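Descriptive structure summary
Chain by chain, the residues run as shown.
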Amino acid sequence: MTSKDKFFMKLALQEASKGGIAVYPNPRVGAVVVSDGKVVSSGYHKTFGSPHAEFNALHNIDKNISNATLYVTLEPCNHHGKTGPCMDLIDPKVINRVVIGSRDPNPLASGGLELLKQKNIDVEIDICADESRQLNRRFFTFYENKRPYIILKIASTMDGFIAEDNGHSKWITNVDSRDSVHELRSSCDAILVGRKTIEKDNPSLTSHGKGKDPKIIIIDKQNRIKKSASVFKNDPIIFSGDRLTNDPHVNIKYILDTLFQNNIQSLMVEGGGITFSHFIDSKFFDELHVYYAPKLIGSGLPLYHGRKSLVDNLELKIHKVQRFKNDIKIIYYKN
Ligand SMILES: NC(=O)c1ccc[n+]([C@@H]2O[C@H](COP(=O)([O-])OP(=O)(O)OC[C@H]3O[C@@H](n4cnc5c(N)ncnc54)[C@H](OP(=O)(O)O)[C@@H]3O)[C@@H](O)[C@H]2O)c1
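Residues numbered from 1 in each chain as written. Predicted model: local features only at pLDDT ≥ 70, side-chain atom pairs only at ≥ 80, totals over all residues. Heavy atoms only, no water.

A few points about the overall build of the protein chain
To keep things clear, this is the line we draw: In this description a helix means any DSSP run of H or I spanning at least four residues, a strand means any run of E spanning at least two, and both kinds are numbered starting from the N terminus. Between buried and exposed lies partly exposed: a residue is buried under 20% and exposed over 50% of the maximum accessible area for its type, with that area taken using a 1.4 Å probe on protein chains only. Should any heavy atoms of two residues lie within 4.5 Å, those residues are counted as being in contact. Accessible surface area values rest on a Shrake-Rupley calculation with a 1.4 Å probe, where residue burial reflects the displayed protein chains alone. Residues counted as positive are Lys and Arg, residues counted as negative are Asp and Glu, and His and the chain ends are not counted. Taken as the charge location is NZ of Lys, CZ of Arg, CG of Asp or CD of Glu.
Secondary structure summary: the protein chain contains nine helices and 15 strands in total. Over its C-alpha atoms, taken along the principal directions, the protein chain stretches across nearly 75 × 40 × 40 Å. By the burial criterion, 50% of the 335 residues in the protein chain qualify as buried. Across the protein chain, contacts joining residues at least 24 apart in sequence account for 71% of those joining residues at least 6 apart. Total accessible area on the protein chain stands at roughly 16700 Å², and carbon and sulfur atoms take up 50% of it. Across the protein chain, the mean location of the 46 positive side-chain charges is 3 Å away from that of the 38 negative side-chain charges.

Thoughts on helix α9 (residues 273–282)
In terms of burial, α9 is largely enclosed, as seven of its ten residues are buried. Within the span of α9, buried status applies to G273, T275, F276, S277, F279, I280 and S282. The first or second residue beyond α9 is K283, which carries a positive phi of 65°.

Focus on the packing of helix α8 (residues 248–261) against α9
Short version of the rule: In this description, a line fitted to the C-alpha atoms serves as the axis of each element, helices being fitted only across the stretch in contact, and the angle between N-to-C directions of two axes falls anywhere from 0 to 180 degrees. Each angle is binned into one of four classes, with values under 35 degrees roughly parallel, values over 145 roughly antiparallel, values of 65 to 115 roughly perpendicular, and all other values oblique. The classification used treats Ala, Val, Leu, Ile, Met, Phe, Trp, Tyr, Cys and Pro as nonpolar, Asp, Glu, Lys and Arg as charged, and all other residues, Gly among them, as polar.
Closest axis-to-axis distance for the α8/α9 pair is 9 Å, and the angle between their directions is 85°. Accordingly, the angle class assigned to the pair α8 and α9 is roughly perpendicular. Counted together, P248, H249 and I252 of α8 and H278, F279, D281 and S282 of α9 form the full contact between these two elements. Looking at the contact of α8 with α9, its residues break down into three nonpolar, three polar and one charged.

Things to note about the domain arrangement of the protein chain
The condition that has to hold: Where each domain starts and ends follows an automatic or database-derived domain assignment. Put simply, buried area is the surface a 1.4 Å probe can reach on two separate parts but cannot reach once they are joined, added for both. Think of a salt bridge as a Lys or Arg side-chain nitrogen and an Asp or Glu carboxyl oxygen that are within 4 Å of each other. N or O atoms within 3.5 Å of each other form a polar contact, as long as, within protein, one can give a hydrogen and the other can take it, and as long as residues adjacent in sequence are counted only when both atoms are side-chain atoms.
Taken domain by domain, the protein chain comprises domain 1 (3–138) and domain 2 (146–334). Across the boundary between the two partners, domain 1 contributes six residues, which contact eleven residues of domain 2. Both sides of the domain 1 and domain 2 interface together cover about 770 Å² of buried area, and 44% of this is carbon and sulfur. Per-residue buried area on domain 1 facing domain 2 is highest for Y24, R137 and R138; these three make up 82% of the total on that side. In this assembly, domain 1 and domain 2 are joined by zero salt bridges. Summed over the shared surface of domain 1 and domain 2, the number is five residue pairs in polar contact (both at pLDDT 80 or more). By residue class, the composition of the side of domain 1 that touches domain 2 is three nonpolar, one polar and two charged.

Considering the sheet that holds strand β14 (residues 316–324)
Rule in force here: The pairing criterion is simple: DSSP has to find at least two bridges between the two strands.
Taken together, eight strands build an open sheet; the order of strands is β10-β9-β8-β11-β6-β12-β15-β14 and the sheet is mixed. Since the sheet does not close on itself, it has two edges, and those belong to β10 (237–239) and β14, each with one partner. Pairwise comparison of adjacent strand axes, ignoring direction, gives a mean angle of 20° for this sheet. Here helix α5 (residues 137–145) sits on the sheet and contacts β6 (149–157), β11 (266–269), β12 (287–293) and β15 (327–334); the angle it forms with β6, its principal contact strand, is near 120°.

Topic: the sheet that holds strand β2 (residues 38–44)
Ordered in space as β2-β1-β3-β4-β5, the five strands form an open sheet in which the pairing is mixed. Single-partner strands in this sheet number two, and they are β2 and β5 (122–124). If you compare each strand with its neighbour and ignore which way they point, the axes differ by 15° on average.

As for the packing of aromatic side chains
This is how the line gets drawn: Pairing of aromatic rings covers Phe, Tyr and Trp, the last through its six-membered ring, and needs centres within 6.5 Å; plane angles under 30 degrees mean stacked, over 60 mean edge-to-face, and all others mean tilted.
For the coordinates displayed, the defined rule picks out eight aromatic pairs. Relative to F140, the ring of F139 lies with its centre 5.8 Å away and its plane at 90°, an arrangement referred to as edge-to-face. Summarising the burial analysis for this pair, F139 and F140 share the class buried. Pairing F142 with F260 gives two aromatic rings, centres 4.7 Å apart and planes at 45°, and the pair type is tilted.

Considering the nonpolar core
Put simply, the test is: Working definition of a nonpolar core: buried Ala, Val, Leu, Ile, Met, Phe, Trp, Tyr and Cys residues. They are joined through side-chain atoms within 4.5 Å.
Ranked by size, the top nonpolar core spans 26 residues in total, and within it V33, L70, I90, I95 and V98 carry the most contacts. Broken down by secondary-structure element, the contributors of at least two residues to this core are β1 (30–35), α2 (53–58), β3 (68–74), β4 (95–102), α3 (112–118) and α5. Excluding its chain neighbours within four sequence positions, the residues that come into contact with I95 are V33, L58, A68, L70, I90 and I121. Judged by nonpolar contacts, the second largest core, of 25 residues, contains I217, L256, F276 and F285.

Some words on the site of the ligand
Condition: By convention in these notes, a residue is near a molecule or strand provided one of its non-hydrogen atoms lies within 4 Å of it.
Close contacts around the ligand come from 27 residues, with G167, R195, T197, D201 and T275 the closest. Measuring from an oxygen atom of the ligand, one finds a side-chain N or O atom of S169 at 2.7 Å. Considered on its own, the ligand offers 920 Å² of accessible surface; in the complex 90% of this is hidden by protein. Among the elements of the structure, β6, β7 (161–163), α7 (195–201), α8 and α9 are those that each provide at least two residues to the shell around the ligand. With five residues, α7 is the largest single contributor of residues to the shell around the ligand. Residues that form the shell around the ligand fall into these classes: ten nonpolar, ten polar and seven charged.

Regarding the side chain of R185
For R185, the location among the structural elements is in helix α6 (residues 175–186). Note on R185: relative accessible area 8%, which makes it buried. Looking at R185, its side chain comes within polar contact range of the main-chain oxygen of T206, at 2.7 Å. For R185, the side chain forms a polar contact with the side chain of E270, separated by 2.5 Å. Among residues more than four places away in sequence, those in contact with R185 are I191, L205, T206, S207, H208, P214, M268 and E270.

Below, the structure is given as structure tokens:
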């Protein structure tokens, strides 16, 4: 690896980051072609089902160049999906070196690296791998951990309550905060809540027109929720009955395994406090989104139901702080 490799890979990462939510459930990928030390072409994956970054970077280049290097943020794919294998686009007469950000964790798509070597192309791997993985956190978590990427979201008063004593929680946060929650919902494949949230709030759990609606998942061991609840308009998946044990953590593992089998790549957990606490204690989560509203109510339902001491480390680091008028949102990443 040379310092130039890092430089050009960062350009490829910039390309990749142009691909937004529209590429989902594919990863965001960027590519740059360099010949004689100059960028001669670049491209990125724009929308799910459209040509991959490699195609966009390679299809227009001058075929008379040789000894060029292709920088690509993810291992070129080696399978027929919505498009043909990117491997077939890499002509060793034109490209004699490929520098890759990180390997593709999807077993269906990987294998490109070995084929490149068979074509006698020099290959460098893991250049800016952390940045490449960071860009596609949901995708990597899904394939490597064999579970959805999990975002826990909760809205709290300044004194740590998520509802009044009687369960009333409308509304803790302001309209702008709630709009941002609807947007977040639309970016997730599924949304999960506990039984009592349905019973107390009768929420729709949709994205309120901000985008696609997530699949609704409810934990209700004894099938107590009435079929008249609003969520039933959207055909929710209910986890109930004998498949659930008395151990909430075992249940979470079972639910996540089932969601993985059903290709749910991202899951938003929206409470309430009991459900949220089980996820925190099970350590099955990747991001924690806490909305703090400038309200004090003195008593109510707590954000967290478990028992920990001040020396217990939740291993959270602040990723982003956002402001919605007088509400504050903190996004924590789990290390
Ligand atoms: N401020 C916020 O962000 C927010 C968000 C959502 C809800 N809320 C408020 O929170 C209140 C409801 O929350 P809550 O804490 O009382 O209850 P909850 O978390 O909504 O529901 C808890 C119930 O769900 C089931 N459950 C959850 N996780 C389970 C697991 N791993 N295994 C088995 N069963 C599981 C259990 O049902 P069974 O008892 O049937 O076994 C459990 O008693 C409402 O007042 C609502 O307004 C606030």
